[in-house]
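Chain residues, written in single-letter form:
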Amino acid sequence: MKSTPESNESQTSSPSAPQSSSGAVQNLKDMADLVSLCKRRGFVFPSSEVYGGINACWDYGPLGIELKRNVKELWWKAMTDREDVEGIDAAILMHPRVWEASGHVAGFVDPMVDCKKCKSRFRADKIDAEALAQKKCPECKGELTEPRQFNLMFKTHMGPLEDSASVVYLRPETAQGIYVNFLNVSQSSRQKVPFGISQIGKAFRNEITPGNFIFRTREFEQMEMQFFVKPGTDMEWFERWKEIRIKWHLNNGIRKEKLRFHEHGPGELAHYAKAAFDIEYEFPFGWQELEGIHNRSDFDLGRHQQFSGKKLEYYDEETKERYLPYIVETSAGCDRTLLVALVDAYRFDGDRTWLSLHPNLSPYKVAVFPLMKKPELVQYSDKVYSELKKRFRATTDDAGSIGKRYRRQDEIGTPFGVTIDYDTLTQHTVTLRHRDTMAQERIPAERLVDFISEKFQNWNGPAV
Ligand code: ATP
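Residues numbered from 1 in each chain as written. Predicted model: local features only at pLDDT ≥ 70, side-chain atom pairs only at ≥ 80, totals over all residues. Heavy atoms only, no water.

A. Region of interest: the domain arrangement of the protein. According to the domain assignment, the protein contains domain 1 (58-96 + 172-343) and domain 2 (356-457). Placing the centre of domain 1 and that of domain 2 at their C-alpha centroids yields a distance of 38 Å. Between domain 1 and domain 2, the contact holds 10 residues from the first and 10 residues from the second. The contact between domain 1 and domain 2 buries some 860 Å² in all, and 70% of this surface belongs to carbon and sulfur atoms. Contact with domain 2 buries area across many residues of domain 1, yet L63, E66 and N70 alone supply 47% of it, more than any other trio. For the interface between domain 1 and domain 2, the tally reads one salt bridge. Counting the contacts that link domain 1 with domain 2 gives three residue pairs in polar contact (both at pLDDT 80 or more). Per-element tally for the side of domain 1 that touches domain 2: the top contributor is helix α2 (residues 62-80), with six residues. Partitioned by chemical class, the residues of the side of domain 1 that touches domain 2 number five nonpolar, four polar and one charged. (Domains from an automatic or database assignment. Contact = heavy atoms within 4.5 Å. Buried area = accessible area lost by both parts, 1.4 Å probe. Salt bridge = Lys/Arg side-chain N within 4 Å of Asp/Glu carboxyl O. Polar contact = N/O pair within 3.5 Å; in protein donor to acceptor, adjacent residues only side chain to side chain. Helix = DSSP H or I, 4+ residues; strand = E, 2+ residues; numbered from the N terminus. Nonpolar A, V, L, I, M, F, W, Y, C, P; charged D, E, K, R; others polar.)

B. Local environment of the side chain of D335. Structurally, D335 is set in helix α10 (residues 334-345). A polar contact of 3.3 Å, which involves the side chain of D335, links it to the side chain of K68. In contact with D335, other than residues within four places in its own chain, are Y60, K68, I214, F220 and E221.

C. Region of interest: helix α1 (residues 31-41). Buried residues of α1: M31, L34, L37 and C38, and no others. End-on view of α1: buried residues confined to an arc of 120 degrees, all on one side of the axis. In this structure, the buried side of α1 is in contact with β1 (44-46), α10, β17 (346-348), β18 (353-355) and α12 (402-412). Of the residues that open α1, the one with a side-chain oxygen 2.9 Å from the backbone nitrogen of A32 is D30. (Buried < 20%, exposed > 50% of the residue type's maximum accessible area, 1.4 Å probe, protein only. Arc of directions from axis to C-beta.)

Structural data, given as structure tokens:
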């Protein structure tokens, strides 16, 4: 009986040389390729697809939700492993005065222009200044309308009466739930300034121009951390958090050359902010914001103090001072971080497509395959699978040729494949196949867990 996996990938006893099946390795160029992979493999589906979908809303499928949980857990761990950061989970619906205090009712507006000819809609601040001045549509050169201000908050009503007194908003950011809980958290957790509060949760914005897959949607998740500091120490903390946050993205395996800081110039800087940097990623559609790091001064607590009439000052027991802390914010989109992970990991060599995801992000860490659907192989494979499952999120597959099964796992970013063949039955060794190089090596079945753990510990992503 043939004991080599039935594929164009040979099996050897020591790691075989990297085998690229055809041409040079390419990165993602066309977002449509990623959208298609995500649908085919169960990462992301269009929302309400049987009804024709709904603009800019997406559902995460079985693998997408695993990837998303990994993103969130890595972020949450990085934040709350620190002694000086606590977590909360605030309600999406908040007192409407919150949004007056925050400035969202009056100021959370984007200027919107429409093309009279092709009916396309644009954010006036995102189109070329010359085209805007000439009122020319960037798509069809038709005439554009005057810019109109458009509030991005979704409104709804609380209770049975739909009158102006019952208006509430779906929160457009998670940060306000943190600000209004500043004293609750500091008093209950006995945290002293400087300390931070982190939160992951849904936010809603009635975006004028959503798009680019899950890059800009109307319902999304944010991962925000607000760090409260003594005035005067804010710039030092701002610099520290900038470094911490870019390292986090690098540690997730995102390529260094695809990340950069963008400093908000005088025109972009919010009136209350002392300093603001975005971490940007180079998507196939250009450099775009992934996360914002902002020095928000004492604006937020000051406004909530003013609008609520409640003192929100912090009392420093050591120095006997009372002050409103400054806030350094790190605000990342969860969906956008996930999109960056997928875009950055996408590889194609003319024949094979694979996601070179960092193992911390991969939905499955290892896949186990019996070479053929023979009872003795399946039985052994099940044993190996249940051992591996105790340690790693794993999957198994016995349908179709081994080559096809490898390719399937490549496309969902599973770092390792383990194949059980007839030699396994007599020698208790298995083939371990590496996703990125397709190299294969033969190792004792009993060493698998340790071997894979070591590989993960020494994963050669960008060392930071
Ligand atoms: P933009 O100017 O592009 O609309 P923003 O500067 O208003 O974005 P922030 O309010 O700073 O964005 O939001 C923080 C983070 O939340 C962003 O860096 C992004 O990752 C994420 N985010 C914001 N809006 C959306 C959206 N509509 N869809 C998905 N993620 C979003």
